[in-house]
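Each chain, letter by letter, is given below.
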Amino acid sequence: EELRIPEEVQQDEAMKGYMNIALFGVDATKDSQLYKGSRSDSIMIASINMDTGDIKLVSVYRDTYLNIGTDSYQKCNAAYSYGGAEQAVKMLNMNLDMDITNFVTVGYKGLSEVIDGLGGVYIDVDSEEINGLQATAYCRIRYTAGNDFKRAARQREVIQAIEDQAKKADYDTLSKVFNSAIDDVYTSLDSKDILDLLANITKYRIVDEGGFPEETMRATGNIGAKGSSVVPLDLESNVVWLHQFLFDDANYTVTDSVKEYSRKIASDTAPYLNK
């Protein structure tokens, strides 16, 4: 109830057999900010098909104008700042008709430790191996050609590079990485469950990735005092797209709540987008 998983979603047959985990990268400069008080500059959903091991990654752009879980509408990364992981997960469930109960939050230090523990990752920048500090910086580049959509794509690229390196490592190495980084990671997952997943890492593979709102159904604009935002032009259509992308559900019908949020977002943003 606290996470606001819609009843219709709980009964959705197309979503059964999937484990959906929220991934948050926060701008925490001290340990306490892993829990609350920092904005989630990276928000992703990792959807795992537990039968096949296929994983799909979706970035939810941090500036997306959504109901942040309190019937206040603003940039969605504010949810973590106000209410920590619980409110951020609640925000995703409410706006996207999801059933997320688990999350992993990492700050700069935790991400760097994981990458360094794996011996660095390979990113197609100039075909050089880059370490944890460099990879963390790569995730956060704002000022090169491109925009925040490209930034989110780089973040997904780093996760895929971590997957590649992790699959080359033996279980002892993975266990050491886990033990060195766990104090700098905040997660709802039990340590034993994580170690079990690591023991079976070869079963899992990232097969597709994307961003929300979908490229053809979004706009950007300065929404008054709310600032520069990414606007789902029609939240309802975007949620239909998301469920088709993640769960191969071509006939998804959104909940009445999402229809309500969709109307509110359109009403709030139309005066600014139509100028």
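Parameters and conventions
Note on numbering: residues in each chain are counted from 1, in written sequence order. Since the coordinates come from a predicted model, pLDDT governs what is reported: local features require at least 70, and pairs of side-chain atoms require 80 or more to be given and counted, while whole-chain, interface and lining totals use all residues. Based on all heavy atoms of the structure, the side-chain values leave hydrogens and waters out of the count. Numbering of helices and strands runs from the N terminus, with a helix taken as a DSSP run of H or I at least four residues long and a strand as a DSSP run of E at least two residues long. The rule is simple: take the accessible area with a 1.4 Å probe, protein chains only, and divide by the maximum for that residue type; under 20% is buried, over 50% is exposed, in between is partly exposed. Strand pairing follows a simple DSSP-based rule, namely that at least 2 bridges must link the two strands. Stacked, tilted and edge-to-face are the three classes assigned to paired rings of Phe, Tyr and Trp, where Trp is represented by its six-membered ring and a pair needs centres within 6.5 Å; plane angles under 30 degrees give stacked, over 60 edge-to-face, the rest tilted. As a reminder, the over-ring test applies to NZ of lysine and CZ of arginine, requiring each to be within 6 Å of the ring centre and within 35 degrees of the ring normal. For helices, the axis comes from a line fit to the C-alpha atoms of the stretch in contact; other axes are also lines fit to C-alpha atoms, and the angle between any two N-to-C directions lies between 0 and 180 degrees. Roughly parallel means an angle under 35 degrees; roughly antiparallel, over 145; roughly perpendicular, 65 to 115; everything else is oblique. Helix crossings get a hand from a simple test, with the near helix turned counterclockwise from the far one by less than a right angle marking a left-handed crossing and a clockwise turn marking a right-handed one. Residue contacts follow a heavy-atom distance rule, with two residues in contact if any of their heavy atoms lie within 4.5 Å.

Draft legend 1. Looking closely at unusual backbone geometry. The step from phenylalanine 212 to proline 213 runs through a cis peptide bond, and the omega angle for that step is 0°. Looking at where proline 213 falls in the secondary structure, it is placed in the loop between β10 (205-212) and β11 (218-222). Unusually for a residue other than glycine, arginine 4 sits at a positive phi of about 55°. Phi is positive for aspartate 97, close to 55°, though the residue is something other than glycine. Of note, aspartate 97 is situated in the loop between α2 (78-96) and β6 (102-106).

Draft legend 2. Representation of the pairing of strand β1 (residues 18-26). In terms of burial, β1 is largely enclosed, as seven of its nine residues are buried. Bridge count between β1 and strand β2 (residues 40-49): nine bridges; the pairing is antiparallel. The partner of asparagine 20 across the bridge, within β2, is serine 47. Note: β1 against β6, five bridges, orientation parallel. From the neighbouring strand, phenylalanine 24 faces β6, where its bridge partner is threonine 105.

Draft legend 3. Representation of the packing of aromatic side chains. Under the definition given, this model contains seven aromatic pairs. These aromatic residues form a ring-pair network of at least three members: Tyr35, Phe103 and Tyr186. Over the face of the ring belonging to phenylalanine 245 we find lysine 56, whose NZ or CZ atom lies 5.5 Å from the ring centre. If you follow lysine 264 out to its NZ or CZ, it ends over the ring of tyrosine 73, 5.8 Å from the centre.

Draft legend 4. Broad picture of the packing of helix α6 (residues 171-181) against helix α7 (residues 191-199). In contact at an axis separation of 10 Å, α6 and α7 are set at 150° when each is read in the N-to-C sense. Between α6 and α7, the angle is such that the two are roughly antiparallel. In this structure, α6 crosses over α7, and the sense of that crossing is right-handed. Of α7, the residues touching α6 (which contributes Tyr171, Leu174, Ser175 and Phe178) are Ser191, Ile194, Leu195, Leu198 and Ala199.

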